[in-house]
Amino acid sequence: MNHSLAPVHVSRRRYLQVAGLTAASAAIGWADESSPGYIDAHVHVWTSDTAAYPLGKDYDKAAMRPPSFTAEELFEHCRPAGVQRVVLIQMSFYQFDNRYMLDTIANAPETFRGVAVIDHERTDTAETMRALKAQGVTGFRLYADAKSAKGWLDSPSISRMWKAAAQTDQAICLLANPDALPFIEQLCRKFPETRVVIDHFARIGMSGKVDSQALDNLCQLAALPPIYVKTSAFYALGKKEPPYTDLAPMVRRLYDSFGPRRLMWASDCPYQVQNGHSYTASIALIRDRIDFLTEEDKTWLLRKTAEAVYWS
């Protein structure tokens, strides 16, 4: 059974789960279509109700920190910052079961888009991707270290997935380690029509320092037009302290290489709102603290790029 697809038959229990989400959404309020607002291009959501939405076989409740992070909890942080729309990233501890994310999207299709996680080894990958697009999924996540990315170069299943993504106009979204970047470049050259998004600066700076060779490798991808980069997860990079201005030189390198139309801001909530970090500090780095960004540049990083990638 392919758990990435919503079931056709809706049981009473399932109906009540979705109805509960719908009632909560009506109470909190969703995107105001009269005001475009900002877009947060990277948020994880989950629920403490593991009976209705079981965790994957490799996870237990101890992995859920905080115990829940629902759309309503997200809105407490993002709405005051002017964020109206959000890209949801399938949470790893649900593995290939995308139902909670899909239910959240279904209750506010104008507010949310999704990046799903699917089993790319299956032979029906293309059919799964097309079915999920109809449910608001406009991207798919892969985890890329050097070993996996190198192996993908000759992988028939990855070939099917990347070719299908080009046909359906869905993005391949890579949570990549810096050592994977040379192999990602080869993949992107092999599949030049496939739109690719690199999450969190390719995690450059997690050690506390920005590795110049890794940053060169990331900037080199700018020569390939369908590649985008998320300026995100500030809490985890560089000094790991607000106001995060130590990351401005890395943003500048990416800005000079990719231009503002291929960069997008994201919070990586709920991790951005833990341990002394805040949502406001994250968005403020792009909106208020980097002086080389024009107002038009900020519009692209804070809305238009994500809109073009995930809402087009």
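Residues numbered from 1 in each chain as written. Predicted model: local features only at pLDDT ≥ 70, side-chain atom pairs only at ≥ 80, totals over all residues. Heavy atoms only, no water.

Novice: Explain the sheet that holds strand 7 (residues 227-232) here, please?
Specialist: Consider a sheet: its strands pair through backbone hydrogen bonds, and that pairing is either parallel or antiparallel. Pairing is parallel across the open sheet formed by eight strands, whose spatial order is 1-2-3-4-5-6-7-8. Only two strands of the sheet have a single partner each, and these edge strands are strand 1 (38-43) and strand 8 (263-266). Taking the axes of each pair of neighbouring strands and ignoring which way they run, one obtains an average angle of 25° across the sheet. (Pairing = 2+ DSSP bridges. Helix = DSSP H or I, 4+ residues; strand = E, 2+ residues; numbered from the N terminus. Axes fitted to C-alpha atoms, helices over the stretch in contact; angles between N-to-C directions.)

Novice: Can you walk me through unusual backbone geometry in this structure?
Specialist: Apart from glycine, the bulk of residues carry a negative phi angle, and the bulk of peptide bonds sit in the trans form. Proline 242 connects to proline 243 through a cis peptide bond whose omega is 10°. As for its placement among the helices and strands, proline 243 is situated in the loop between strand 7 and helix 9 (248-258). Residues other than glycine seldom take positive phi values, yet arginine 203 does so here, at roughly 60°. By the element assignment, arginine 203 lies in the loop between strand 6 (196-198) and helix 8 (212-220). Even without glycine at this site, asparagine 275 takes up a positive phi of about 55°.

Novice: When you look at the packing of helix 4 (residues 125-133) against helix 6 (residues 156-168) in this model, what are you seeing that I'm missing?
Specialist: Two measures define how a pair of helices packs: the angle their axes make with one another and the distance between the axes. It is at 9 Å that the axes of helix 4 and helix 6 come closest, and there the two elements cross at 35°. Where helix 4 crosses over helix 6, the handedness of that crossing is right-handed. Of helix 6, the residues touching helix 4 (which contributes Thr125, Ala126, Met129, Arg130 and Lys133) are Met161, Ala164, Ala165 and Thr168. (Left-handed = near helix turned anticlockwise from the far one by under 90°. Contact = heavy atoms within 4.5 Å.)

Novice: It is not clear to me how helix 2 (residues 71-78) should be interpreted in this structure. Could you clarify?
Specialist: Since the α-helix packs 3.6 residues into each turn, any two residues three or four apart lie on the same face. Taken residue by residue, helix 2 has Ala71, Glu72, Leu74, Phe75 and Cys78 as its buried positions. Along the axis of helix 2, the buried positions cluster into a sector of 155°, meaning they face one direction only. (Buried < 20%, exposed > 50% of the residue type's maximum accessible area, 1.4 Å probe, protein only. Arc of directions from axis to C-beta.)

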